[in-house]
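Descriptive structure summary
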Amino acid sequence: MTLVSILRRTTRRCLAAGAGALLALGGAVGAQERPGVRVGLLYGERDAKPGILVLPVAGAGGDSVRAILARDLDFGDRVAVLPASATLGAPAAGAALNYALAARLGARGVVQATLRGAQLEVVLHDVAQRKVVDRTAYPLPAPANGAAWRRALHVASDALEEVITGTKGIAATRVAFVHEGRIWAIDSDGANAAPVAGTRAVSPAWSPAGDALAYAELEAAGSSIRVADLRGGSRVVVPPQGLNVSPAWAPDGRGIAYAHGMDLGTDLWLAPAGGGRGVRIALGRGSDNTSPTFSPDGQRIAFTSGRAGKPDVYIADADGTNVDALAALSRDGADYRASPDWSPDGRAIAFQARLDGRFQVMVATLRDRAVTQLTREGVNEDPSWAPDARHVVVASTRSGQRQLWVVDTESGRARQLTRLAGARLPAWSPRLPR
Amino acid sequence: MPLSLSARPVRRLVTPALLVLAATGASACRRNQPVPPAPTPTPVAGADADALRRAREAALADSLARARAADSVARAASAGDAAAATAAAEARRVLTTPVYFAFDASELSDETRALLDAKLAVLQRYPQVALRIAGHTDARGAAEYNLALGLRRASAVRKYLADRGIALSRLAVVSFGAERPAASGEGEDAWAQNRRDEFEIVAGDAALGGAR
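Residues numbered from 1 in each chain as written. Chains lettered and ligands numbered in written order. Predicted model: local features only at pLDDT ≥ 70, side-chain atom pairs only at ≥ 80, totals over all residues.

**So, the overall build of chain B**
- The number of helices and strands found in chain B is five helices and four strands.
- For chain B, the succession of helices and strands along the chain, N to C, is α-α-β-α-β-α-β-α-β.
- Burial analysis of chain B (212 residues in total) assigns 25% to the buried set.
- Excluding contacts between residues fewer than 6 apart, the proportion of contacts in chain B whose partners are at least 24 apart in sequence is 77%. (Helix = DSSP H or I, 4+ residues; strand = E, 2+ residues; numbered from the N terminus. Buried ≥ 20, exposed ≤ 12 C-beta atoms within 10 Å, placed from the backbone. Contact = placed C-beta atoms within 7 Å.)

**A word on the overall build of chain A**
- In terms of helices and strands, chain A carries five helices and 31 strands.
- Looking at chain A as a whole, 48% of its 434 residues qualify as buried.
- Residue pairs in contact within chain A that sit at least 24 positions apart in sequence constitute 46% of those at least 6 positions apart.

**Notes on the packing of helix H3 (residues 62-75) of chain A against helix H5 (residues 147-165) of chain A**
Residues and elements named next belong to chain A.
- Their axes nearest at 9 Å, the elements H3 and H5 cross at an angle of 45°. Considering the angle they form, H3 stands oblique to H5. Regarding H3 and H5, the two cross each other, and that crossing is right-handed. Mapping the contact onto sequence places Val65, Ile68, Leu69, Asp72 and Leu73 in H3 and Arg150, Leu153, His154, Ala156, Ser157, Leu160 and Glu161 in H5. (Axes fitted to C-alpha atoms, helices over the stretch in contact; angles between N-to-C directions. Parallel < 35°, antiparallel > 145°, perpendicular 65-115°, else oblique. Left-handed = near helix turned anticlockwise from the far one by under 90°.)

**Observations concerning the packing of helix H3 (residues 110-125) of chain B against helix H4 (residues 143-163) of chain B**
All names here are of chain B.
- H4 packs onto H3 with a crossing angle of 55° between their chain directions and a minimal axis gap of 10 Å. The angle between H3 and H4 falls in the class oblique. Remark: the crossing between H3 and H4 carries right-handed chirality. Counting all contacts with H3, which are made through Leu116, Lys119, Leu120 and Leu123, the residues of H4 involved are Val157, Tyr160 and Leu161.
- Across the contact of H3 with H4, the residue classes break down as six nonpolar, no polar and one charged. (Nonpolar A, V, L, I, M, F, W, Y, C, P; charged D, E, K, R; others polar.)

**Structural notes on the nonpolar core**
- In this structure, Val175(A), Leu213(A) and Ile256(A) are the most contacted members of the largest nonpolar core, which totals 114 residues.
- Ranked by residue count, the leading element in this core is H4(B), at 10 residues.
- Setting aside residues no more than four positions away along its own chain, Val175(A) makes contact with Ala185(A), Ile186(A), Ser188(A), Val393(A), Leu404(A), Leu417(A), Pro426(A), Ala427(A), Trp428(A) and Ser429(A).
- Ranked by size, the runner-up nonpolar core spans 32 residues in total, among them Leu73(A), Val81(A), Leu97(A) and Val127(A). (Core = buried A, V, L, I, M, F, W, Y, C linked by C-beta atoms within 7 Å.)

**Some words on the interface of chain B and chain A**
- With 17 residues of chain B at the contact, the number on the chain A side is 23 residues.
- Where the side of chain B that touches chain A is concerned, the elements lending two or more residues are H4 and strand S3 (171-177) of chain B.
- For the side of chain B that touches chain A, the class distribution of residues is 10 nonpolar, three polar and four charged.

**Concerning the sheet that holds strand S11 (residues 201-206) of chain A**
All names here are of chain A.
- What the four strands build is an open sheet, ordered S11-S12-S13-S14; its pairing is antiparallel. The sheet is open, and its two borders are formed by S11 and strand S14 (234-238), each paired with just one other strand. Shown here is a sheet whose adjacent strand axes are inclined to one another by a mean of 30°, direction ignored.
- In this structure, strand S12 (residues 212-219) lies alongside strand S13 (residues 222-229), joined through eight bridges in antiparallel fashion. The partner of Glu217 across the bridge, within S13, is Ser224. (Pairing = 2+ DSSP bridges.)

**Topic: the sheet that holds strand S29 (residues 403-408) of chain A**
All names here are of chain A.
- Reading across from one edge, S27-S28-S29-S30 is the order of the four strands in this open sheet, with antiparallel pairing throughout. A single partner strand is all that each edge strand has here, and the edge strands are strand S27 (380-385) and strand S30 (414-416). Adjacent strand axes in the sheet meet at a mean angle of 30°, parallel and antiparallel pairs treated alike.
- By the bridge criterion, three bridges tie S29 to S30 in an arrangement that is antiparallel. Within S30, the position partnered with Trp405 by the bridge is Gln416.

**Quick look at the pairing of S11(A)**
Residue and element names in this part refer to chain A.
- For S11, the buried fraction is high: six of the six residues fall into the buried class.
- Relative to S12, S11 runs antiparallel, the two being bridged by four bridges. Pairing of Ala201 across the sheet is with Glu217, part of S12.
- In this antiparallel pair of consecutive strands, S11 and S12, the connection spans five residues, and Gly210 shows a positive phi of 75°.

**Let's talk about the pairing of S29(A)**
Residue and element names in this part refer to chain A.
- Of all six residues in S29, five are buried, a share of seventy percent or more.
- Bridge analysis of strand S28 (residues 391-396) against S29 gives six bridges, and the strand direction is antiparallel. Bridged to Ala395 within S29 is Leu404.
- Following S28, the chain reverses through six residues before pairing antiparallel with S29; Gly400 in that reversal takes a positive phi of roughly 105°.
- Linking S29 back to S30 in an antiparallel pair, the connection comprises five residues, with Gly412 at a positive phi of about 80°.

**Let's talk about the confidence of the model for chain B**
Residue and element names in this part refer to chain B.
- This prediction gives chain B a mean pLDDT of 78; 67% of its residues lie at or above 70.
- Across residues 1-45 the pLDDT falls below 50, and counting only partners more than four positions away or on other chains, this stretch makes 37 contacts in the model.
- In the model output, the complex is listed with pTM 0.81 alongside ipTM 0.87. (pLDDT = per-residue confidence, 0-100.)

**Re H5(A)**
All names here are of chain A.
- Taking 1.5 Å per residue as the helical rise, H5 with its 19 residues ought to reach 27 Å, and the 27 Å between its terminal C-alpha atoms agrees with that figure.
- Burial of H5 is extensive: 15 of the 19 residues sit out of reach of the surface.
- Phi turns positive, to about 90°, at Gly166, one or two residues after H5. (Expected span 1.5 Å × (residues − 1).)

**Some words on the environment of Ser429(A)**
Residues and elements named next belong to chain A.
- By secondary structure assignment, the location of Ser429 is in the segment after strand S31 (424-428).
- Residue Ser429 is classed as buried on the basis of its C-beta count, with 24 C-beta atoms lying within 10 Å.
- Considered as a pair, Ser429 and Gly198 are 231 residues apart in the sequence and their alpha carbons are 18 Å apart.
- In contact with Ser429, not counting residues within four places along its chain, are Thr173, Arg174, Val175, Ala176, Trp206 and Gly210.

**Describing the environment of Ile170(A)**
- Relative to the helices and strands, Ile170(A) resides in the loop between H5 and strand S8 (174-179).
- Residues in contact with Ile170(A), not counting those within four places in the same chain, are Gly76(A), Asp158(A), Ser188(A), Ala386(A), Pro387(A), Asp388(A) and His391(A).

Encoded structure:
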């Protein structure tokens, strides 16, 4: 294994789209997000994940530091985190890491974190090169294990994952969802679950900047679209006249699309995010249209519509023209498709489809409209993409009660995110502001 | 004459024979009327004692008669109130009886139309009354699409009533999708109970009369 390379694991989707073009794009994005770091560590084989060893961390809270870094890297699904080794510890000050032993343990990279007062220094060793390839210090806000402290570690994990694989991790993100009528948010690793807003609320949607959540509040006389600022305060964007549900922020942050219903069906509308008069953007002609989601460039929308009888997922230009059924030619056998979410890389749309009476989460790639079934266990609904365009969070009954689960669209690997029975309608945050 | 026990005129004194008849009659219908307690014997001798006894018995008979008369007046009055209260309760029941739908549908069944026709009659009789129609769905569809389906169900009922002359301003609609189930659990029994429109009287309730 030599040096560094822009080679990284490719996906089925990427292969279909043309691996060369994607890899170049991935490298460019990586370079842009993290100046000075051009590439990831070399992969021995295209589909093998690099083995990464996270060394024990000395000092108070050191065990938590190691556990959180290792788990974040594991949850990213792009590296193989090796079990802690009794034989390879952190080198003494001034001494070199035992690279030969690390190589024998299967590690291509070694993470060495050191607590220095209110700072954490994170060093990444390239085992093949026998040298340090990254060294970064992160402020650790007290108290240990507090939300800000954990978040600092997630930021470190995401940076490590970017150096190792070329793709930034998603540990320092959150998921909003509905539980017992309130909007909640939870860290991507399942910590810090807490209610945020609402009393009879549904359908949280993150602002593109990650600093606010739009949602629908079901009031006695009608439903309203509201925005909760995560730094405090909230406002009504669309007052409770008629039905106003399923908000989705336009990528420029200036508008919020939503479903508005009165007498003759439910149509898609767009209101200024600051409040004000909305305009109709899709003509349902008396049918029901809900659950809009924007393409990342803001030029197109996908949504649920009953315009042809059975609910189905459609794509249209953002002004509502050029409407096209997403999976009309699919042979998935679904008699009900709904709840689309456009992937942050723009390449795919996840949605729920009823197969043999049960909803499952599907992924349609836009280049060829091919539909892949992502879930099979229990009932799975309401997918929402992580900002890495690889993981989705779904509401699933696979454990016997409805909980949120994170599913890796590449491997199918799933992990339970919430421990709150009945959690549903998840929305994964974008990259969050520092 | 020690007749101060009774303020009644003497002509209303009744004979012991009549008292016996009255007692027999009371006894005959004791299932319906309480038997008056026996007069307490008092050790008084002679004609005064007789007069006192007669007076007591007369007073007792009189008070029984008055009580019976008052009772029957009260009964008649409460029967009138009850009839009015029953009518008001019936009007409220008719207005707020939910109607049900088939899966993923907002069409009105014959049974639903009959229930709506009954509401129509009450709404026509009491033009002050306004309703809010809340559409609900079962939990099987997609949550956000269900909110639109609930609205469609409420709007279908609103249209039926409006087409028959009820002003749209008296018929508000709202949807709760699958968010407020009437019955919990999985299975067709629960689902069927949840696919419904509920009705709330939001104005003119006092016009229906009675107490809520």
